[in-house]
Amino acid sequence: MSKLIGAIVIDTDRCKGCQLCVEACPKGVIELAQKKVNKHGYPYVVAARAEECVGCASCGIVCPDGSITVYRKKMEE
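Since the structure is predicted, the reported quantities are computational estimates derived from the model, not experimental observations. (Residues numbered from 1 in each chain as written. Predicted model: local features only at pLDDT ≥ 70, side-chain atom pairs only at ≥ 80, totals over all residues. Heavy atoms only, no water.)

A. Here's a closer look at unusual backbone geometry. Phi angles above zero are rare outside glycine, and K35 is one such case at about 60 degrees. Here K35 shows up in strand β2 (residues 30-37). (Helix = DSSP H or I, 4+ residues; strand = E, 2+ residues; numbered from the N terminus.)

Below, the structure written as structure tokens:
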């Protein structure tokens, strides 16, 4: 039996910290990095619980800056 898992890649230099992805993620995988900013001075999001990503791509769909890419992979159980 296979299980679909996801992996997200965040371009932290493009992220403006709007947190729309944080709200959209049904698994709570993404959160705002604490006390960190990118080269433009914006706080950015990180995949705090990456192992819980299911690959739904909700985060990437709502990101206005195109900062998030979602990959899906089938894992055999």
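So much for the structure itself; the text now carries on.
B. Highlighting the pattern of salt bridges. Evaluation of the coordinates by the stated rule reveals two salt bridges. Here D65 and K16 are joined by a salt bridge, their closest N and O atoms 3.8 Å apart. Linking D65 in the loop between α2 (58-62) and β4 (68-76) with K16 in the loop between β1 (2-10) and α1 (20-24), this pair joins segments that are 49 residues apart in sequence. Its relative accessible area of 43% is what places K16 among the partly exposed residues. Put simply, R49 and E31 hold a salt bridge, and the shortest N to O gap is 3.5 Å. Of this pair, R49 sits in the loop between β3 (43-47) and α2 while E31 sits in strand β2, and the two are 18 residues apart along the sequence. Look at R49 and you get partly exposed, because its relative accessible area is 31%. (Salt bridge = Lys/Arg side-chain N within 4 Å of Asp/Glu carboxyl O. Buried < 20%, exposed > 50% of the residue type's maximum accessible area, 1.4 Å probe, protein only.)

C. Region of the structure containing empty space enclosed by the protein. Summed over the entire model, instances satisfying the criterion amount to two cavities of 30 Å³ or more. Around the largest cavity sit 14 residues that line it, and I8, C25, C53, C56 and C59 are the ones nearest its centre. Along the lines of polarity and charge, the residues of the lining of the largest cavity split into eleven nonpolar, two polar and one charged. There is about 60 Å³ of room inside the second largest cavity. What lines the second largest cavity is a set of 13 residues, among which C15, C18, C21, V45 and C63 lie closest to the centre. Along the lines of polarity and charge, the residues of the lining of the second largest cavity split into eight nonpolar, three polar and two charged. (1 Å grid on protein atoms, 1.4 Å probe; cavity = no way out; pocket = protein on both sides within 12 Å on 5 of 7 lines; lining within 4 Å. Points joined across faces, edges and corners; volume = space filled by probe spheres on them. Nonpolar A, V, L, I, M, F, W, Y, C, P; charged D, E, K, R; others polar.)

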